[in-house]
Amino acid sequence: LVADSDNKRISKIDLASSSVITMAGGETTFNPVRVAISPLGTCSLCRAGTYLVGNTCTDCERGRYSSCLGATDISACELCEASTASVTVGGASNAVCRSCSDGEFSTGGASSCSKCGAGTFAASGSTTCSSCGAGTFSSTEAASACVRCEKGSYSTLVGATENSACSSCEPGKYSTAA
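Residues numbered from 1 in each chain as written. Predicted model: local features only at pLDDT ≥ 70, side-chain atom pairs only at ≥ 80, totals over all residues. Heavy atoms only, no water.

## A few points about the overall build of the protein
At step 1: Helices and strands together make up the secondary structure of the protein, namely zero helices and 20 strands.
At step 2: Counting across all 178 residues of the protein, residues that qualify as buried make up 31%.
At step 3: In the protein, of all internal contacts separated by at least 6 residues, the share reaching a separation of at least 24 is 32%.
At step 4: Summing over all exposed atoms, the protein offers an accessible surface of approximately 10,600 Å²; the carbon and sulfur share of this is 50%. (Helix = DSSP H or I, 4+ residues; strand = E, 2+ residues; numbered from the N terminus. Buried < 20%, exposed > 50% of the residue type's maximum accessible area, 1.4 Å probe, protein only. Contact = heavy atoms within 4.5 Å. Areas by Shrake-Rupley, 256 points an atom, 1.4 Å probe, with all protein chains shown as cover.)

## Some remarks on the pairing of strand β7 (residues 50–53)
At step 1: Pairing between β7 and strand β8 (residues 56–59): four bridges, direction antiparallel. Within β8, the residue paired with V53 across the bridge is T56.
At step 2: Between β7 and β8, which follow one another and run antiparallel, lie two residues, and G54 among them has a positive phi close to 65°. (Pairing = 2+ DSSP bridges.)

## Side note on unusual backbone geometry
At step 1: Backbone geometry at S83 places phi at a positive 80°, although glycine is not the residue there.
At step 2: With respect to the helices and strands, S83 occurs in the loop between β10 (78–79) and β11 (84–85).
At step 3: The backbone of A142 sits at a positive phi, close to 60°, despite the residue not being glycine.
At step 4: With respect to the secondary-structure elements, A142 resides in the loop between β17 (136–137) and β18 (147–148).

## Focus: the confidence of the model for the protein
At step 1: Per-residue confidence for the protein gives a mean pLDDT of 82, with 76% of residues at or over 70.
At step 2: Counting contacts from residues 1–34, a segment whose pLDDT is below 50, to residues more than four positions away or on other chains yields 52 contacts. (pLDDT = per-residue confidence, 0-100.)

## As for the environment of Y51
At step 1: Tracing the chain through its elements places Y51 in strand β7.
At step 2: When its relative accessible area of 12% is taken as the criterion, Y51 is described as buried.
At step 3: For the pair Y51 and I74, spaced 23 residues apart in the sequence, the C-alpha separation amounts to 6.1 Å.
At step 4: Those residues in contact with Y51 that lie beyond four places of it in its chain are C46, T56, C57, T58, D59, C60, A71, D73, I74 and C77.

## Concerning the side chain of S106
At step 1: Tracing the backbone shows S106 in the loop between β13 (104–105) and β14 (114–115).
At step 2: Under the relative-accessibility criterion, S106 is labelled buried at 3%.
At step 3: A polar atom in the side chain of S106 sits 3.0 Å from the backbone nitrogen of S83.
At step 4: A polar atom in the side chain of S106 sits 2.7 Å from the backbone oxygen of T84.
At step 5: Other than its neighbours up to four places away in sequence, S106 contacts E81, A82, S83, T84, C100, S112, C113, S126 and T127. (Polar contact = N/O pair within 3.5 Å; in protein donor to acceptor, adjacent residues only side chain to side chain.)

## Concerning the state of the cysteines
A covalent bond between the sulfur atoms of two cysteines is referred to as a disulfide.
At step 1: Following the criterion strictly, the structure yields seven disulfides and no others.
At step 2: A sulfur-sulfur distance of 2.0 Å marks the disulfide that ties C80 to C97. Across the S-S bond of C80 and C97 the torsion is about -70°, and the bridge reads as left-handed. Of this pair, C80 sits in the loop between β10 and β11 while C97 sits in the loop between β11 and β12 (98–99), and the two are 17 residues apart along the sequence. No difference in accessibility class separates C80 from C97, as the two residues are buried.
At step 3: The disulfide partner of C132 is C146, and the gap between their sulfur atoms is 2.0 Å. Between C132 and C146, the disulfide has an S-S torsion of -80° and is therefore left-handed. Here C132, found in the loop between β16 (130–131) and β17, pairs with C146, found in the loop between β17 and β18; they are 14 residues apart in sequence, far enough to count as distant. For the pair shown, C132 and C146 are each scored as buried. (Disulfide = S-S within 2.5 Å.)

If you want it as structure tokens, here you go:
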């Protein structure tokens, strides 16, 4: 038997029918059980970061978390927001979801952030990589910004991956891009 916080209602856990029988003033109601059977034969609520499957509390997977105590379904495990990721199994709050670093991005529910490829960049907390604009390039992965073509050179190529994409200005013309 279990008493609620103000000791006005007493509940008896009936494991055979998977329901809670609540007795208050002679009334009986049935509610879903949100418990797992412990090795000692007692019943406990699944902790935050887990949900009930059969008679076992199962951890929320990487990229998810749950602050819900007594969750009965995987839907209680919320996805980490886009631009964050979590390697933690059984995370109990969104604090396990860490922002992606400069040059990385993620979509919702990610277990890791992905690096931007050459010719692209991303600021910290990005959900996608952006192509380097005309007049710039990025020859490395995980760039947080693109490099401008040197003074006296230009490029019309979007997403350039090498400095060689920058061409010298024709005689009599100039560029102050840098």
